[in-house]
Amino acid sequence: MVERTQLADPAKPLLRRPVVNAHRARVVQTWLLGAAPNIQQAQWEWREGGVTFLRVGGLFSALRAPAALVRAAVGSTDPDTVAIRLAQELEGGPVIAAHSTTHFYFLMLPAAASTTGRVQGAEYLARGTLLGVPPLTVNASQEPGGSYWAVPMISPVRLCHAPWVMRLLERGRIGLDGGDER
């Protein structure tokens, strides 16, 4: 069982935002294609630099959280700082950000939705829901108007640890509620 006793200090930034090398990107994209309704179409969409849609629930689950909640949790609205702090807090667990819908999507093990708690404002996507997933190399500076990887997926076996995501979002909820621990 993975345990974590202390959250990372959000005031202590990492030296750089996470990146994925080309070999790892191919390995992860091949794994992610296992969730694509149409593999050839997904490959084409990623090759063209666009978002493709993958089914949630088989290889991974996804928790959608409002951007305001995530930004309150990490104490910043700057996309690079948010990305760095998320990577630090979640030890590299993958997170997709969507500018247009102002949400973050935390990718977790498929069973996370049934085995972890809830935070007001955040919700698990239902099994079979199609999630827009950008190419792994797309970050906020490359895609200022669409979806991007706030924390890129660097390995098929490294997903967000649900209890860490819950603690992060609970801290954000307390911050949005004015520090009142209800």
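It should be emphasised that the depicted structure is a prediction, and the values quoted were computed from it without experimental measurement.

**Focus: the pattern of salt bridges**
A complete count under the given rule lists three salt bridges for this structure. Among the ionic pairs, Glu 123 bridges to Arg 64, the shortest N-O distance being 2.5 Å. Of this pair, Glu 123 sits in strand β5 (residues 123-124) while Arg 64 sits in strand β2 (residues 61-66); the two residues are 59 residues apart in sequence, bridging distant segments of the chain. Overall, Glu 123 belongs to the partly exposed group, its relative accessible area being 41%. What makes Arg 64 partly exposed here is its relative accessible area of 24%. Notably, a salt bridge pairs Arg 173 with Asp 177, separated by 3.8 Å at the nearest N-O pair. Judged by its relative accessible area of 19%, Arg 173 is buried.

**Focus: the sheet that holds β5**
On the basis of which strands lie adjacent, the open sheet formed by five strands has the order β5-β2-β4-β3-β7 and antiparallel pairing. Where the open sheet ends on each side, the last strands, each with one partner, are β5 and β7 (147-151). Here β2 runs beside β5; their pairing, made up of two bridges, is antiparallel. Counted as the bridge partner of Leu 63 is Tyr 124 from β5. Helix α3 (residues 67-74) rests against β2 and β4 (103-108) of the sheet, and its axis sits at about 85° to β2.

**Here we look at unusual backbone geometry**
Backbone geometry at Glu 91 places phi at a positive 50°, although glycine is not the residue there. Mapped onto the elements of the fold, Glu 91 is located in the loop between α4 (79-89) and β3 (95-98). Classification of Glu 91 by relative accessible area gives partly exposed; the value is 45%.

**Focus: the environment of Ala 112**
Examined against the element boundaries, Ala 112 turns out to sit in helix α5 (residues 112-115). Discounting chain neighbours no more than four positions away, the residues touching Ala 112 are Ser 61, Tyr 124 and Ala 162.

Conventions we followed
- Residues numbered from 1 in each chain as written.
- Predicted model: local features only at pLDDT ≥ 70, side-chain atom pairs only at ≥ 80, totals over all residues.
- Heavy atoms only, no water.
- Salt bridge = Lys/Arg side-chain N within 4 Å of Asp/Glu carboxyl O.
- Helix = DSSP H or I, 4+ residues; strand = E, 2+ residues; numbered from the N terminus.
- Buried < 20%, exposed > 50% of the residue type's maximum accessible area, 1.4 Å probe, protein only.
- Pairing = 2+ DSSP bridges.
- Contact = heavy atoms within 4.5 Å.
- Axes fitted to C-alpha atoms, helices over the stretch in contact; angles between N-to-C directions.

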